[in-house]
Amino acid sequence: MSKISHTSIFLIIILLYSCHTSAQDKRTQYPGILRNSYFSVNIGYINYNFTERQLEPGFTSSSIRIPHTAVRVLFGHRFNKYLSAQVSYMRPVGFVEYRKVNGGSDYEVGMNIAGITIKPALPISEKLSVNAEAGIGIITRGGFIVIDKPGMKDAVYAGLLIGGGIQYRVNQKWELTLNAAWASSKDKFNQPSTIFYS
(Lines give C-alpha, C1' and ligand atoms only; values in the text may rest on other atoms or scores of the structure.)
Protein backbone atom coordinates (compact mmCIF):
# COMPACT_ATOMS: atom_id res chain seq x y z
CA MET A 1 0.00 0.00 0.00
CA SER A 2 1.14 3.47 -0.75
CA LYS A 3 1.73 6.19 1.81
CA ILE A 4 -1.43 7.99 0.64
CA SER A 5 -3.55 4.86 1.30
CA HIS A 6 -2.19 4.50 4.84
CA THR A 7 -2.90 8.17 5.54
CA SER A 8 -6.44 7.86 4.10
CA ILE A 9 -7.23 4.82 6.24
CA PHE A 10 -5.85 6.57 9.32
CA LEU A 11 -8.01 9.68 8.66
CA ILE A 12 -11.15 7.54 8.12
CA ILE A 13 -10.57 5.75 11.44
CA ILE A 14 -10.12 9.08 13.23
CA LEU A 15 -13.29 10.43 11.59
CA LEU A 16 -15.34 7.34 12.55
CA TYR A 17 -14.02 7.47 16.11
CA SER A 18 -14.97 11.17 16.32
CA CYS A 19 -18.49 10.43 15.11
CA HIS A 20 -18.81 7.66 17.69
CA THR A 21 -17.66 9.82 20.61
CA SER A 22 -19.88 12.75 19.66
CA ALA A 23 -22.96 10.59 20.27
CA GLN A 24 -21.95 9.94 23.88
CA ASP A 25 -23.47 11.64 26.91
CA LYS A 26 -22.02 15.18 27.14
CA ARG A 27 -22.95 15.88 30.78
CA THR A 28 -20.03 16.66 33.03
CA GLN A 29 -18.69 13.69 34.94
CA TYR A 30 -16.97 14.67 38.19
CA PRO A 31 -14.23 12.59 39.76
CA GLY A 32 -15.39 10.56 42.76
CA ILE A 33 -13.42 12.74 45.18
CA LEU A 34 -15.60 15.76 44.24
CA ARG A 35 -18.82 13.98 45.14
CA ASN A 36 -20.21 15.63 48.31
CA SER A 37 -17.88 18.62 47.87
CA TYR A 38 -18.95 22.25 47.98
CA PHE A 39 -17.78 25.70 46.97
CA SER A 40 -18.85 28.90 48.70
CA VAL A 41 -18.22 32.63 48.31
CA ASN A 42 -19.11 34.74 51.36
CA ILE A 43 -19.17 38.53 51.33
CA GLY A 44 -19.26 40.15 54.72
CA TYR A 45 -17.82 42.43 57.38
CA ILE A 46 -14.20 42.17 58.59
CA ASN A 47 -12.68 43.94 61.56
CA TYR A 48 -9.23 44.11 63.13
CA ASN A 49 -7.94 46.68 65.58
CA PHE A 50 -5.11 48.28 63.61
CA THR A 51 -3.57 51.19 65.51
CA GLU A 52 -0.22 52.99 65.61
CA ARG A 53 0.98 50.06 67.74
CA GLN A 54 1.64 48.11 64.53
CA LEU A 55 4.04 50.83 63.29
CA GLU A 56 7.74 50.56 63.97
CA PRO A 57 9.20 52.89 66.65
CA GLY A 58 9.64 56.44 65.38
CA PHE A 59 6.65 56.31 62.99
CA THR A 60 3.27 57.99 63.42
CA SER A 61 0.15 58.33 61.29
CA SER A 62 -2.42 61.14 61.16
CA SER A 63 -5.26 58.59 60.81
CA ILE A 64 -5.97 54.96 59.95
CA ARG A 65 -8.65 53.93 57.47
CA ILE A 66 -10.01 50.40 57.96
CA PRO A 67 -12.36 49.24 55.18
CA HIS A 68 -14.72 46.55 56.47
CA THR A 69 -15.99 44.77 53.33
CA ALA A 70 -14.34 41.39 52.83
CA VAL A 71 -14.65 38.13 50.90
CA ARG A 72 -14.12 34.56 52.06
CA VAL A 73 -13.90 31.74 49.52
CA LEU A 74 -14.31 28.15 50.72
CA PHE A 75 -13.86 24.73 49.17
CA GLY A 76 -14.98 21.84 51.33
CA HIS A 77 -15.86 18.18 51.41
CA ARG A 78 -18.76 16.66 53.40
CA PHE A 79 -17.84 13.29 54.84
CA ASN A 80 -21.35 12.92 56.25
CA LYS A 81 -24.10 15.22 57.55
CA TYR A 82 -22.13 15.74 60.78
CA LEU A 83 -18.59 16.42 59.57
CA SER A 84 -16.84 18.39 56.80
CA ALA A 85 -13.32 19.63 56.12
CA GLN A 86 -12.63 22.84 54.24
CA VAL A 87 -9.91 25.13 52.94
CA SER A 88 -10.56 28.86 52.82
CA TYR A 89 -9.09 32.14 51.68
CA MET A 90 -10.21 35.43 53.23
CA ARG A 91 -9.20 39.01 52.51
CA PRO A 92 -10.60 42.51 52.66
CA VAL A 93 -11.79 44.15 49.45
CA GLY A 94 -9.77 47.25 50.35
CA PHE A 95 -6.65 47.19 52.53
CA VAL A 96 -6.01 49.09 55.77
CA GLU A 97 -4.49 52.48 55.02
CA TYR A 98 -2.16 54.45 57.27
CA ARG A 99 -2.51 58.10 56.24
CA LYS A 100 0.24 60.72 56.23
CA VAL A 101 2.88 58.51 57.86
CA ASN A 102 5.35 60.88 59.56
CA GLY A 103 3.55 63.75 57.80
CA GLY A 104 4.22 62.30 54.34
CA SER A 105 2.54 59.68 52.15
CA ASP A 106 -0.27 57.19 52.72
CA TYR A 107 0.57 53.46 52.90
CA GLU A 108 -1.59 50.33 52.55
CA VAL A 109 -1.23 47.21 54.65
CA GLY A 110 -2.22 44.06 52.76
CA MET A 111 -3.90 41.31 54.77
CA ASN A 112 -5.15 37.81 53.99
CA ILE A 113 -5.87 34.59 55.83
CA ALA A 114 -5.72 31.10 54.35
CA GLY A 115 -7.12 28.30 56.47
CA ILE A 116 -7.72 24.59 56.84
CA THR A 117 -10.53 23.70 59.21
CA ILE A 118 -12.70 20.84 60.36
CA LYS A 119 -16.39 21.73 60.44
CA PRO A 120 -18.74 19.66 62.64
CA ALA A 121 -22.47 20.26 62.10
CA LEU A 122 -25.56 19.49 64.15
CA PRO A 123 -28.82 19.21 62.17
CA ILE A 124 -31.73 20.84 64.00
CA SER A 125 -34.29 19.95 61.35
CA GLU A 126 -34.29 18.62 57.80
CA LYS A 127 -33.29 22.05 56.43
CA LEU A 128 -31.65 23.85 59.37
CA SER A 129 -28.32 23.08 61.06
CA VAL A 130 -25.74 24.78 63.27
CA ASN A 131 -22.02 24.33 62.77
CA ALA A 132 -18.64 25.16 64.23
CA GLU A 133 -15.20 25.19 62.65
CA ALA A 134 -11.69 24.94 64.05
CA GLY A 135 -8.28 24.65 62.48
CA ILE A 136 -5.16 26.47 61.41
CA GLY A 137 -5.02 29.83 59.69
CA ILE A 138 -1.98 31.26 57.92
CA ILE A 139 -2.20 35.00 58.54
CA THR A 140 -0.21 37.23 56.18
CA ARG A 141 0.36 40.96 56.53
CA GLY A 142 2.28 43.01 53.98
CA GLY A 143 3.97 45.98 55.63
CA PHE A 144 5.55 49.00 53.97
CA ILE A 145 8.85 50.87 53.62
CA VAL A 146 9.12 54.62 54.24
CA ILE A 147 12.07 55.93 52.25
CA ASP A 148 14.60 53.25 53.32
CA LYS A 149 13.22 52.05 56.68
CA PRO A 150 10.33 49.69 57.42
CA GLY A 151 7.33 51.66 58.67
CA MET A 152 5.60 48.36 59.36
CA LYS A 153 7.20 44.95 59.02
CA ASP A 154 5.70 42.06 57.08
CA ALA A 155 4.22 39.25 59.14
CA VAL A 156 3.42 35.63 58.34
CA TYR A 157 2.38 33.18 61.04
CA ALA A 158 0.18 30.20 61.76
CA GLY A 159 -2.59 30.79 64.25
CA LEU A 160 -5.91 29.51 65.45
CA LEU A 161 -8.89 29.87 63.09
CA ILE A 162 -12.29 29.19 64.67
CA GLY A 163 -15.88 30.01 63.82
CA GLY A 164 -19.49 28.98 63.79
CA GLY A 165 -22.74 29.54 62.00
CA ILE A 166 -26.22 28.55 60.94
CA GLN A 167 -27.13 26.94 57.59
CA TYR A 168 -30.51 26.77 55.92
CA ARG A 169 -30.76 24.31 53.02
CA VAL A 170 -32.90 25.84 50.26
CA ASN A 171 -32.58 22.78 47.97
CA GLN A 172 -30.00 20.14 47.00
CA LYS A 173 -27.67 22.75 45.46
CA TRP A 174 -28.16 25.93 47.49
CA GLU A 175 -27.77 26.90 51.15
CA LEU A 176 -28.15 30.20 52.98
CA THR A 177 -25.63 30.75 55.76
CA LEU A 178 -24.92 33.13 58.61
CA ASN A 179 -21.32 32.71 59.81
CA ALA A 180 -18.56 34.18 61.94
CA ALA A 181 -14.83 33.36 61.78
CA TRP A 182 -12.03 34.53 64.08
CA ALA A 183 -8.26 34.39 63.50
CA SER A 184 -5.85 34.79 66.40
CA SER A 185 -3.51 37.72 67.05
CA LYS A 186 0.29 37.50 67.36
CA ASP A 187 2.09 39.74 69.87
CA LYS A 188 5.49 39.08 68.26
CA PHE A 189 4.30 41.00 65.16
CA ASN A 190 1.90 43.39 66.95
CA GLN A 191 -0.81 41.81 64.80
CA PRO A 192 -4.39 42.15 66.06
CA SER A 193 -6.94 39.36 65.85
CA THR A 194 -9.37 39.31 62.92
CA ILE A 195 -13.13 38.75 62.99
CA PHE A 196 -15.27 38.14 59.91
CA TYR A 197 -19.11 38.05 59.76
CA SER A 198 -21.03 36.92 56.70
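Our subject is the structure listed above.
Let me sum up the structure you'll find in this document. (Residues numbered from 1 in each chain as written. Predicted model: local features only at pLDDT ≥ 70, side-chain atom pairs only at ≥ 80, totals over all residues. Heavy atoms only, no water.)

A separate point is the overall build of the protein. What the protein contains, in helices and strands, is 1 helix and 12 strands. Along the protein, helices and strands appear, N-terminal first, in the series α-β-β-β-β-β-β-β-β-β-β-β-β. Among the 198 residues that make up the protein, the fraction classed as buried is 30%. Considering only intrachain contacts with a sequence separation of at least 6, the fraction spanning at least 24 residues in the protein is 59%. Surface accessibility of the protein: about 12,700 Å² in total, with carbon and sulfur atoms responsible for 62%. (Helix = DSSP H or I, 4+ residues; strand = E, 2+ residues; numbered from the N terminus. Buried < 20%, exposed > 50% of the residue type's maximum accessible area, 1.4 Å probe, protein only. Contact = heavy atoms within 4.5 Å. Areas by Shrake-Rupley, 256 points an atom, 1.4 Å probe, with all protein chains shown as cover.)

A word on the environment of N171. Looking at the secondary structure, you find N171 in the loop between β10 (155–169) and β11 (175–183). On the basis of relative accessible area, N171 is assigned to the partly exposed category, the value being 37%. The spatial distance from the C-alpha of N171 to the C-alpha of K127 is 8.5 Å, given a sequence separation of 44 residues. Here K173 takes part through its backbone nitrogen, which lies 2.8 Å from a polar atom of the side chain of N171. (Polar contact = N/O pair within 3.5 Å; in protein donor to acceptor, adjacent residues only side chain to side chain.)

Our next topic: the pairing of strand β6 (residues 107–123). Pairing analysis gives 8 bridges linking strand β4 (residues 83–92) to β6, with the strands arranged antiparallel. Within the sheet, the bridge partner assigned to Q86 lies in β6 and is T117. As paired strands, strand β5 (residues 96–99) and β6 are joined by 3 bridges and run antiparallel to one another. Note that in β6 the partner of V96 across the bridge is V109. Where β6 lies against strand β7 (residues 128–142), 12 bridges are found, and the strand directions are antiparallel. Bridging across to β7, I118 finds its partner in A134. Turn length for the β6-β7 hairpin, with the two strands adjacent in sequence and antiparallel, is 4 residues. (Pairing = 2+ DSSP bridges.)

To continue, consider unusual backbone geometry. At N102, a position not held by glycine, the phi torsion is positive, near 50°. Looking at the element boundaries, N102 is found in the loop between β5 and β6. Residue class for N102 comes out partly exposed when judged on its relative accessible area of 40%. The phi dihedral of N190 is positive, around 50°, even though this residue is not glycine.

Take the pattern of salt bridges next. Using the criterion set out here, one finds 5 salt bridges in the structure. Taking the shortest distance from any N to any O, the salt bridge between R169 and E175 comes out at 3.9 Å. Through salt bridges with shared partners, a single ionic network connects R65, E97 and R99. (Salt bridge = Lys/Arg side-chain N within 4 Å of Asp/Glu carboxyl O.)

Let's shift gears to the packing of aromatic side chains. The final tally for this structure, using the stated rule, is 5 aromatic pairs. Among the aromatic residues, those joined into a ring-pair cluster are Y98, Y107 and F144. (Phe/Tyr/Trp six-rings, centres within 6.5 Å; stacked < 30°, edge-to-face > 60°.)

What follows is about the environment of T60. Topologically, T60 is positioned in the loop between β1 (37–48) and β2 (63–65). Overall, the relative accessible area of 40% leaves T60 in the partly exposed class. Taking C-alpha positions, T60 is 9.2 Å from R99, a pair spaced 39 residues apart along the chain. Non-local contacts of T60, meaning those with residues more than four positions away in its chain, are made with E52, L55, K100, V101 and N102.

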